[in-house]
Amino acid sequence: MSKEELFNKVKDIIADQTGKDASKITMTTNIKDDLDADSLDIFEVMNEIEDQLNVKIEVEEGLDTVGDLVNFVDKQLANAKGE
(Lines give C-alpha, C1' and ligand atoms only; values in the text may rest on other atoms or scores of the structure.)
Protein backbone atom coordinates (compact mmCIF):
# COMPACT_ATOMS: atom_id res chain seq x y z
CA MET A 1 0.00 0.00 0.00
CA SER A 2 1.45 3.37 -1.00
CA LYS A 3 1.69 6.18 1.53
CA GLU A 4 -1.02 8.08 -0.38
CA GLU A 5 -3.35 5.06 -0.26
CA LEU A 6 -2.62 4.68 3.45
CA PHE A 7 -3.32 8.38 4.06
CA ASN A 8 -6.66 8.11 2.22
CA LYS A 9 -7.63 5.04 4.24
CA VAL A 10 -6.68 6.68 7.56
CA LYS A 11 -8.41 9.91 6.51
CA ASP A 12 -11.62 8.02 5.71
CA ILE A 13 -11.51 6.19 9.04
CA ILE A 14 -10.99 9.47 10.92
CA ALA A 15 -13.83 11.15 9.01
CA ASP A 16 -16.18 8.22 9.71
CA GLN A 17 -15.33 8.10 13.41
CA THR A 18 -15.40 11.86 14.05
CA GLY A 19 -18.13 12.91 11.63
CA LYS A 20 -15.79 15.43 10.01
CA ASP A 21 -15.50 16.19 6.29
CA ALA A 22 -12.73 13.98 4.85
CA SER A 23 -11.83 16.64 2.27
CA LYS A 24 -10.73 18.94 5.10
CA ILE A 25 -8.37 16.36 6.66
CA THR A 26 -4.72 16.72 5.64
CA MET A 27 -1.43 15.25 6.82
CA THR A 28 -0.92 18.32 9.04
CA THR A 29 -4.38 18.15 10.64
CA ASN A 30 -4.07 17.88 14.43
CA ILE A 31 -6.42 15.10 15.50
CA LYS A 32 -7.35 16.57 18.89
CA ASP A 33 -7.21 20.30 18.18
CA ASP A 34 -8.35 20.62 14.56
CA LEU A 35 -10.95 17.85 14.65
CA ASP A 36 -12.12 18.40 18.24
CA ALA A 37 -11.59 14.68 18.88
CA ASP A 38 -11.91 13.59 22.48
CA SER A 39 -10.24 10.54 23.99
CA LEU A 40 -13.15 8.26 23.01
CA ASP A 41 -12.99 9.48 19.39
CA ILE A 42 -9.24 8.83 19.30
CA PHE A 43 -9.71 5.37 20.86
CA GLU A 44 -12.33 4.50 18.22
CA VAL A 45 -10.10 5.80 15.40
CA MET A 46 -7.15 3.75 16.64
CA ASN A 47 -9.29 0.61 17.03
CA GLU A 48 -10.72 0.97 13.54
CA ILE A 49 -7.25 1.47 12.04
CA GLU A 50 -6.02 -1.62 13.89
CA ASP A 51 -8.98 -3.67 12.63
CA GLN A 52 -8.89 -2.53 9.01
CA LEU A 53 -5.13 -2.47 8.53
CA ASN A 54 -4.16 -5.34 10.83
CA VAL A 55 -1.66 -3.32 12.87
CA LYS A 56 -1.22 -2.75 16.58
CA ILE A 57 -1.15 0.81 17.92
CA GLU A 58 -0.01 0.72 21.52
CA VAL A 59 0.97 4.36 21.94
CA GLU A 60 -0.91 7.57 21.34
CA GLU A 61 1.88 9.85 22.49
CA GLY A 62 3.53 11.59 19.59
CA LEU A 63 0.63 10.78 17.26
CA ASP A 64 -0.78 14.29 17.24
CA THR A 65 -1.33 14.86 13.54
CA VAL A 66 -2.82 12.70 10.82
CA GLY A 67 0.66 12.58 9.28
CA ASP A 68 2.15 11.25 12.53
CA LEU A 69 -0.45 8.50 12.55
CA VAL A 70 0.04 7.65 8.85
CA ASN A 71 3.83 7.47 9.29
CA PHE A 72 3.48 5.28 12.38
CA VAL A 73 1.09 2.86 10.65
CA ASP A 74 3.31 2.83 7.54
CA LYS A 75 6.26 1.74 9.70
CA GLN A 76 4.15 -0.92 11.41
CA LEU A 77 3.07 -2.31 8.03
CA ALA A 78 6.67 -2.29 6.76
CA ASN A 79 7.88 -4.08 9.91
CA ALA A 80 5.14 -6.69 9.51
CA LYS A 81 6.40 -7.38 5.98
CA GLY A 82 9.97 -7.57 7.20
CA GLU A 83 11.10 -4.52 5.24
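Residues numbered from 1 in each chain as written. Predicted model: local features only at pLDDT ≥ 70, side-chain atom pairs only at ≥ 80, totals over all residues. Heavy atoms only, no water.

This part takes up the side chain of Thr29. Here Thr29 is to be found in the loop between helix 1 (3–18) and helix 2 (39–53). Since its relative accessible area comes to 6%, Thr29 is described here as buried. Among the polar contacts made by the side chain of Thr29, one reaches the main-chain amide nitrogen of Thr26 at a distance of 2.8 Å. (Helix = DSSP H or I, 4+ residues; strand = E, 2+ residues; numbered from the N terminus. Buried < 20%, exposed > 50% of the residue type's maximum accessible area, 1.4 Å probe, protein only. Polar contact = N/O pair within 3.5 Å; in protein donor to acceptor, adjacent residues only side chain to side chain.)

Moving on, we get to the pattern of salt bridges. Applying the stated criterion across every chain, the model contains two salt bridges. Note that Lys3 and Asp74 form a salt bridge whose closest N and O atoms lie 3.8 Å from each other. Of this pair, Lys3 sits in helix 1 while Asp74 is found in helix 3 (residues 66–81), placing the two residues 71 residues apart along the sequence. For Lys3, a relative accessible area of 37% corresponds to the partly exposed category. Overall, Asp74 belongs to the partly exposed group, its relative accessible area being 24%. (Salt bridge = Lys/Arg side-chain N within 4 Å of Asp/Glu carboxyl O.)

Core analysis: the largest hydrophobic core is formed by 23 residues, its most contacted members being Val10, Ile14, Ile49, Ile57, Val66, Leu69 and Val73. Sorting the residues of this core by element identifies helix 1, helix 2 and helix 3 as the ones contributing at least two each. Looking at this core element by element, the count peaks at six residues for helix 1. Setting aside residues no more than four positions away along its own chain, Ile57 makes contact with Met46, Ile49, Glu50, Leu63, Leu69, Phe72 and Val73. (Core = buried A, V, L, I, M, F, W, Y, C linked by side-chain atoms within 4.5 Å. Contact = heavy atoms within 4.5 Å.)

One non-glycine residue with positive phi stands out, namely Asp36, at about 50°. Structurally, Asp36 is set in the loop between helix 1 and helix 2. We classify Asp36 as exposed; its relative accessible area is 58%. A positive phi angle, close to 55°, is found at Asn54, a residue other than glycine. The topology assignment puts Asn54 in the loop between helix 2 and helix 3.

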